[in-house]
Amino acid sequence: IESKDKVVPDAYHGTSRGFAENIIRTKTFRPSSGHGCYLGDGIYFFEAGKGHAKWWARKQHPGTQIAVIIAVIQLGRCLDLGNPEHIDLVRLTQKEIEKKGAPENLTDTAIINFLTCTIGKEIETVRGYFHGSPDRVFPESKIFEFTHVIICVKKHENILDFRLL
């Protein structure tokens, strides 16, 4: 995986107001982990998606005040799932894990975490492209509702700057 000089100037992280204030105060994000982290363990951002970050924060923290942090991210060595070669790498990793006797319920999370551990420090970020709804903007449209790009930061150093909105 090649290192990219690309900087994403508008990455949004939605959370509760209390968590956001703690992030700003400590200058540290706490990585997410577990089955729901489909790009593997790390710190999640919506690229160019302030509205998506607000939606996520409301979903995760119902009934509490939410906040959004805007960050500047250096992609660095990025497993970019818009790149067919990187998709092939994920597919090959999945097959390799299956050969070693993987459980039947192998998830994206497990595959990407395994790939990150196997390659080591080489993967700094993972970038995924998703449409969260099968609904189209209008019946014949090729554009889907709730399309978004998510960046999972594996190395905190790749978050160059951030501030509370």
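Residues numbered from 1 in each chain as written. Predicted model: local features only at pLDDT ≥ 70, side-chain atom pairs only at ≥ 80, totals over all residues. Heavy atoms only, no water.

What follows deals with the overall build of the protein chain. On a plain count of helices and strands, the protein chain comes out with four helices and six strands. Starting at the N terminus and ending at the C terminus, the protein chain contains elements arranged as β-α-β-α-β-α-α-β-β-β. Here the C-alpha radius of gyration of the protein chain, 17 Å, is about what a compact globule of 165 residues would show, namely 15 Å. In terms of principal-axis extent, the alpha carbons of the protein chain reach across some 45 × 45 × 30 Å. When the 165 residues of the protein chain are sorted by exposure, 39% land in the buried category. Excluding contacts between residues fewer than 6 apart, the proportion of contacts in the protein chain whose partners are at least 24 apart in sequence is 75%. Across the protein chain, the 22 positively charged side chains and the 20 negatively charged ones have centroids separated by 6 Å. (Helix = DSSP H or I, 4+ residues; strand = E, 2+ residues; numbered from the N terminus. Rg over C-alpha atoms; globule rule 2.2 N^0.38 Å. Buried < 20%, exposed > 50% of the residue type's maximum accessible area, 1.4 Å probe, protein only. Contact = heavy atoms within 4.5 Å. Lys, Arg positive; Asp, Glu negative; His and termini not counted. Charge placed at Lys NZ, Arg CZ, Asp CG, Glu CD.)

Quick look at the nonpolar core now. Among soluble globular proteins, nonpolar side chains are generally buried collectively. Ranked by internal contacts, the top residues of the largest apolar core, which has 19 residues, are Leu 39, Tyr 44, Leu 79, Leu 81, Val 90, Ile 112 and Val 126. Counting only elements with at least two residues in this core, the list comes to strand E2 (43–47), strand E3 (66–80), helix H3 (84–99), helix H4 (108–119) and strand E5 (147–153). Counting residues in hydrophobic clusters, the runner-up holds 17 residues, among them Ile 23, Ala 67, Ile 69 and Ile 73. (Core = buried A, V, L, I, M, F, W, Y, C linked by side-chain atoms within 4.5 Å.)

Moving on, we get to the packing of aromatic side chains. Going through the model one piece at a time under the given rule, you end up with five aromatic pairs. Arranged with centres 5.4 Å apart and planes meeting at 65 degrees, the rings of Phe 29 and Phe 45 form a pair that is edge-to-face. Here Phe 29 is found in the loop between helix H1 (17–26) and E2, whereas its partner Phe 45 is found in strand E2, with 16 residues between them in sequence. Considered together, Phe 29 and Phe 45 belong to a single accessibility category, that of buried residues. Judged by centre distance (4.9 Å) and plane angle (65 degrees), the ring pair of Phe 29 and Phe 162 falls under edge-to-face. (Phe/Tyr/Trp six-rings, centres within 6.5 Å; stacked < 30°, edge-to-face > 60°.)

A few words now on H4. Given a rise of 1.5 Å per residue, 12 residues ought to cover 16 Å, and the 16 Å separating the end C-alpha atoms of H4 matches this to within 8%. When H4 is considered as a whole, its buried residues turn out to be Thr 109, Ile 111, Ile 112, Asn 113, Leu 115 and Thr 116. Buried positions along H4 lie against E3, H3 and strand E4 (125–131). (Expected span 1.5 Å × (residues − 1).)

Note that His 86 resides in helix H3. Only 2.8 Å separates the side chain of His 86 from the backbone nitrogen of Asp 80, close enough to count as a polar contact. (Polar contact = N/O pair within 3.5 Å; in protein donor to acceptor, adjacent residues only side chain to side chain.)

Throughout the structure, instances matching the rule amount to six salt bridges. Notably, a salt bridge pairs Glu 21 with Arg 17, separated by 3.1 Å at the nearest N-O pair. Taken together, the positions of Glu 21 and Arg 17, both in helix H1 and four residues apart, correspond to about one turn of that helix. According to the relative accessible area criterion, Glu 21 is partly exposed, its value standing at 38%. By relative accessible area, Arg 17 is classed as partly exposed at 27%. Across the pair Arg 127 and Asp 80 runs a salt bridge, and its minimum N-O distance is 3.5 Å. In this pair, Arg 127 sits in strand E4 while Asp 80 sits in strand E3, placing the two residues 47 residues apart along the sequence. Given the relative accessible area of 8%, Arg 127 is considered buried. Through salt bridges that share partners, Lys 4, Glu 47, Asp 80 and Arg 127 make up one connected network. (Salt bridge = Lys/Arg side-chain N within 4 Å of Asp/Glu carboxyl O.)

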